[in-house]
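Chain by chain, the residues run as shown.
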Amino acid sequence: MRVPRSLPLMNAPLPLVFHPAPAQADLARALRASVAGDVLFDAASRGRYSTDASIYQVEPVGVLVPRTMDDVHVALDICRSMRIPVLPRGAGSSQCGQTVGNALVIDHSKHLDNVLAFDAAAMTVTIEPGIVLDRLNAWLRPKGVWFPVDVSTSAQATLGGMAGNNSCGSRSIAYGNMVHNVRAIDATLADGTCASFGPESMMHDAPARVRSLLSALRGIADRERDEIARKVPHVMRRVGGYNIDVFAPQSERPYTADGSVNYAHLLVGSEGTLAWTRALTLALAPLPAHRTLGVVNFPTLYRAMQCAQHLVQLGPSAVELVDRTMIELARSNPAFRPIIDGALIGEPDAILLVEFTSDDRAHTLSRLDRLVELMGDLGLPGSVVTMRDAAPQRALWEVRKAGLNIMMSMKGDGKPVSFIEDCAVPLEHLADYVDRLTQVFAKHGTRGTWYAHASVGTLHVRPILDMRRDGAAKMRAIAEEAGAMVREYKGAFSGEHGDGLVRSEWVGWQFGPRLTRAFGEIKDLFDPEGLLNPGKIVRSTRMDDASLFRYRPGYRTLPVDTALDWSDWNVHADPAADTVTPPGTGGDPAQGFAKAVEMCNNNGHCRKFDAGTMCPSYRATRDEQHLTRGRANTLRLALSGQLGPDFANDAVRDALDLCVSCKGCRRECPTGVDMAKMKVEFLHHWRAKHGLAMKDRLVAYLPRWAPWAARFPWIANARDTMPGARALSERWLGLASRRTLPAFRRDTFLARTASRHGNGDTADVVLFVDTFTNYYEPDNAHAALAVLEAAGYRVDIARPVSRDGDTARPLCCGRTFLAGGLVREARREAQRVIDALAPAVARGAAIVGLEPSCLLSLRDEFLSLKLGPAAQAIAPRAFLFEEFLASQRGSHHLDSKLTALPQRRALLHGHCHQKAFDAMAATRDVLSLVPDLAVEVIESSCCGMAGSFGYEARHYDVSMRMAELSLLPAVRNASADTLLVADGTSCRHQIADGAGREAVHVARVLASALTSRVG
Ligand SMILES: Cc1cc2nc3c(=O)[nH]c(=O)nc-3n(C[C@H](O)[C@H](O)[C@H](O)COP(=O)(O)OP(=O)(O)OC[C@H]3O[C@@H](n4cnc5c(N)ncnc54)[C@H](O)[C@@H]3O)c2cc1C
Ligand code: SF4
Ligand code: SF4
């Protein structure tokens, strides 16, 4: 079907264009022949780009990840000639379905992200559309300026997408929305015309096509002047429709300081429907020198909302709401709990975060005092927690920014749905609006959590709906009742997130038929053939068109007999009663696995590059396929049969291939997507079908053959000593010839300590020595033993007990089997560990281990291996060496036995699993026991070695790229007398391979400090 030539001018629904396979294949061929970027037309890639952070799923025709601007222009030309629509995309974090459609999706977030110009005098920066806000601000910070539209998704939102949606930050009361901060846009129209859109004065040189376009636009605006004044809401937070009010300003805050016309503002908020943005010139603001924060605690949400109008009179830069549900959800997250607790007085029903910024510290402090006084005047004395220092403020803002994500961590099929999430109402009506809407939710058997921008009357709320069942009907009913209230209060239906698929239908409702027709005319002037992101803002589908839902009624998943226990996800939740059924009762044919995968709501938080671990393979490749979100989507599509009848298929294998199982997502994904565990489950099914390659067998069965290798280490190590053996190992086994392998030792720890007398029933600590430490680095275990004994503990060494005649072989946590997807073998190893340790656990001894990935599997994987209560009993008694010492700090007085080392500085790299289990503070803590040792943590993600991953020839390059992101440069910059500390055996190898430096386990550092005293 072709795009109709003449489009109706009313906002009548127009079906999305369907492209039959031949056209799709022609497009793919034409693009491949002409562009340098990635052309992705396979089903899985299209599936990964068929969703954004909305409830919708629409398969694109194909995907282009352009390498250059020329690629985009060529693609536009080809699509125009083939009459195939185009959809520009940044991070795809839109909540309303702006970034999904049956079009060629052009993702410019990978390559088109450069800063083009910086003008300090004019306080502007010109950038390409794919640059991410946090990255831009990191670049600007040394210059003392920033771009202040601080959206919650600042770590992933691209400036092109922010302009597309007319995004707004928490501090919009002080800085305005995108439209207030964009100075000019270099754009390409659908017919290929390139022009700069900006202030009227600069438009004289525009091409004739653009000048006639502008004069037609002006004609429409003049004609509709009265209607614009009548229908465009007079609130700052109005982002729906086109900004036709550039010609007749209606916003409380004019788009330009002098009310003059800037044509770029018409493109802002146009959601990729009018033109493709090549570059943006943005206005910058000086970085505020000082900030203070007052957290006002309220007994009721209503009271908080009533007070908002008074608080804004103090001139704050932000007033942000966090309600009771959000407070409780934040408290249930170990990382957020201490932060939120520090902001509370008693048990408030809601808190408002009131921020003041200024170059004058005294001024911000006096504002804070004024806030305290005001709350007294308003009848709430003693309700303000004041935060004068930057660190606690920053921490609390992070909790607030994580608000939506925290909320999305609800299990079950009902999810908080975004469709009235950003209605904006004047502040004097905010309390009543919240109260009445809460009642509407209750009437429809649901509830919502309230948070965000109280300063500008835009409160976020998402009722919990089950789109597979009655969600669509409830969505419409609630939207209609909310809409009636918004109209009554003269507010805006879309105050932050734009129109997309969920709200374009409401454009006519908000702006009336005349302006809706005018919007259609504007669209036709820019894009007469309807090629750019069709179906958004004008001529939309219905919000409740279930054929466009990600979870349509009747959505089914394939039955899967899971190897791991996923029952915690297999539940039903009742939002009204706030109850959840017991594990295993959710009716998932995939036994909870599918529901765990569905926890990914596509918010894109895993696309971050800043602190934390998630997601190293994305950081190295910047490919959607190699991102936690891309993997979860691939699995979701596969588990629901959308990639074929068998979920264990090649597309999933490819998506999981570069997942290094770092567990970064387990901790950092706001909804707890645990891709490392999902990879084990997948590999189990994959191996059942495809068997095990020789290399994988060698790695997986290491614990079984290691005893033999230790007897004849010169044979086992021959691969690195015999000429030509490395090359052969690459050819035959796929092991990277550029790597050395860890060397087997004959003097294993367990052999050396075999004759040692144990402490029997009196031992406080059982040292669990893993396969890697025992065979490759026994010195670490000796060091740990020495330190623990010096600290006064009676230590036993974990050894196997008789079970199925397998006593000779040392214990092993089963990690290598899990990495290969051999769950049954891993379970067998875990059972041996449980049998051996159960008596010690029963009498309360601590199980202490050295290698993070091994020891922490006792706290993590063991619980998923369906091993029953004995596994549950071990988990809380299992500690990393450093965790144990840190937790006992008051009792062991180890510090008195340590003396200074020759080195005065230690650079610490955390193993991913240490970070995932929050063990880094403990590592720092025990290192700080060494006198005069300054400890600095390298802000690094995964080292890239990740077990056997980096040793594989096909992963070598990406492994090194991961290491080069931050770890290796930091190590190379460290002076020769800096102590390098890394507790992971693979991390130490990567540091040795990549930087030629030796890193040591923390146990060795402490043992050296002990030795130097003794010596
Ligand atoms: C958890 C969460 C929190 C959020 N918080 C906020 C918030 O605080 N404030 C806020 O305003 N929004 C928020 N959003 C919505 C969203 O993150 C923002 O709108 C963001 O700016 C979108 O950026 P993006 O790069 O993901 O754009 P995308 O979603 O990729 O694109 C957005 C729109 O811009 C268009 N577009 C992209 N690039 C171009 C281009 N080069 N040329 C023309 N059109 C283009 C797209 O077609 C699309 O219509 C939130 C979303 C989530 C999931
Ligand atoms: S994996 Fe987690 S962080 Fe990434 S998009 Fe999904 S929910 Fe968000
Ligand atoms: S386990 Fe690590 S590499 Fe794998 S998806 Fe999660 S964050 Fe990314």
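Now for a description of the structure that goes with this document. (Residues numbered from 1 in each chain as written. Chains lettered and ligands numbered in written order. Predicted model: local features only at pLDDT ≥ 70, side-chain atom pairs only at ≥ 80, totals over all residues. Heavy atoms only, no water.)

**A short note on the pattern of salt bridges**
And then number 1: The tally for this structure, following the rule as stated, stands at 78 salt bridges.
And then number 2: A salt bridge links R667 to D918, with the shortest nitrogen-to-oxygen separation between them at 3.4 Å. You can see R667 sitting in helix α25 (residues 664–668) and its partner D918 sitting in the loop between α42 (912–916) and α43 (920–927), a full 251 residues away along the chain.
And then number 3: Looking at R667, the relative accessible area reads 32%, which means it is partly exposed.
And then number 4: The salt bridge involving R719 is made with D720; its shortest N-O contact spans 2.5 Å.
And then number 5: With relative accessibility at 11%, the residue R719 sits in the buried group.
And then number 6: Taking relative accessible area as the criterion, D720 reaches 26% and is therefore assigned partly exposed. (Salt bridge = Lys/Arg side-chain N within 4 Å of Asp/Glu carboxyl O. Helix = DSSP H or I, 4+ residues; strand = E, 2+ residues; numbered from the N terminus. Buried < 20%, exposed > 50% of the residue type's maximum accessible area, 1.4 Å probe, protein only.)

**Examining the site of ligand 3**
And then number 1: The full set close to ligand 3 counts 13 residues, and C615, R631, C659, C662 and C665 are the nearest of them.
And then number 2: For the shell around ligand 3, the secondary structure elements donating two or more residues are α22 (616–621) and α23 (628–639).
And then number 3: Tallied by class, the residues present in the shell around ligand 3 amount to eight nonpolar, three polar and two charged. (Near = heavy atom within 4 Å. Nonpolar A, V, L, I, M, F, W, Y, C, P; charged D, E, K, R; others polar.)

**Some details on the sheet that holds strand β22 (residues 765–768)**
And then number 1: The strand order β23-β22-β24-β25 describes an open sheet built from four strands, whose pairing is parallel. In the strand order of this sheet, the two ends are held by β23 (795–797) and β25 (878–880), each with one partner. The mean angle between the axes of side-by-side strands here comes to 35°, regardless of whether they run parallel or antiparallel.
And then number 2: With three bridges connecting them, strand β24 (residues 846–849) and β25 associate as parallel partners. (Pairing = 2+ DSSP bridges. Axes fitted to C-alpha atoms, helices over the stretch in contact; angles between N-to-C directions.)

**Side note on the packing of helix α11 (residues 301–311) against helix α14 (residues 361–377)**
And then number 1: The contact between α11 and α14 brings their axes to 11 Å, and the two run at 130°. Considering the angle they form, α11 stands oblique to α14. In the packing of α11 onto α14, the handedness of the crossing is right-handed. Every residue of α14 that contacts α11 at C307, H310 and L311 is listed here: L371, L374 and M375.
And then number 2: Here the contact of α11 with α14 is composed, by residue class, of five nonpolar, one polar and no charged. (Parallel < 35°, antiparallel > 145°, perpendicular 65-115°, else oblique. Left-handed = near helix turned anticlockwise from the far one by under 90°. Contact = heavy atoms within 4.5 Å.)

**Overview of empty space enclosed by the protein**
And then number 1: For the coordinates displayed, the defined rule picks out 14 cavities of 30 Å³ or more.
And then number 2: Roughly 110 Å³ of volume is contained in the second largest cavity.
And then number 3: Together, 15 residues line the second largest cavity, and C600, N603, G604, C606 and C669 are the ones closest to its centre.
And then number 4: Residue composition of the lining of the second largest cavity, grouped by class: seven nonpolar, seven polar and one charged. (1 Å grid on protein atoms, 1.4 Å probe; cavity = no way out; pocket = protein on both sides within 12 Å on 5 of 7 lines; lining within 4 Å. Points joined across faces, edges and corners; volume = space filled by probe spheres on them.)

**Describing the sheet that holds strand β1 (residues 38–40)**
For sheets, the rule is that strands pair by backbone hydrogen bonds, running either parallel or antiparallel.
And then number 1: Spatially, the four strands line up as an open sheet ordered β1-β2-β4-β3, and their pairing is mixed. Looking at which strands have only one partner, the edges of the open sheet turn out to be β1 and β3 (86–89). Going across the sheet, the axis of each strand differs from the next one's by a mean of 20°, ignoring polarity.
And then number 2: Against the sheet, helix α3 (residues 69–82) touches β2 (62–65), β3 and β4 (104–107), its axis set at about 170° to β4.

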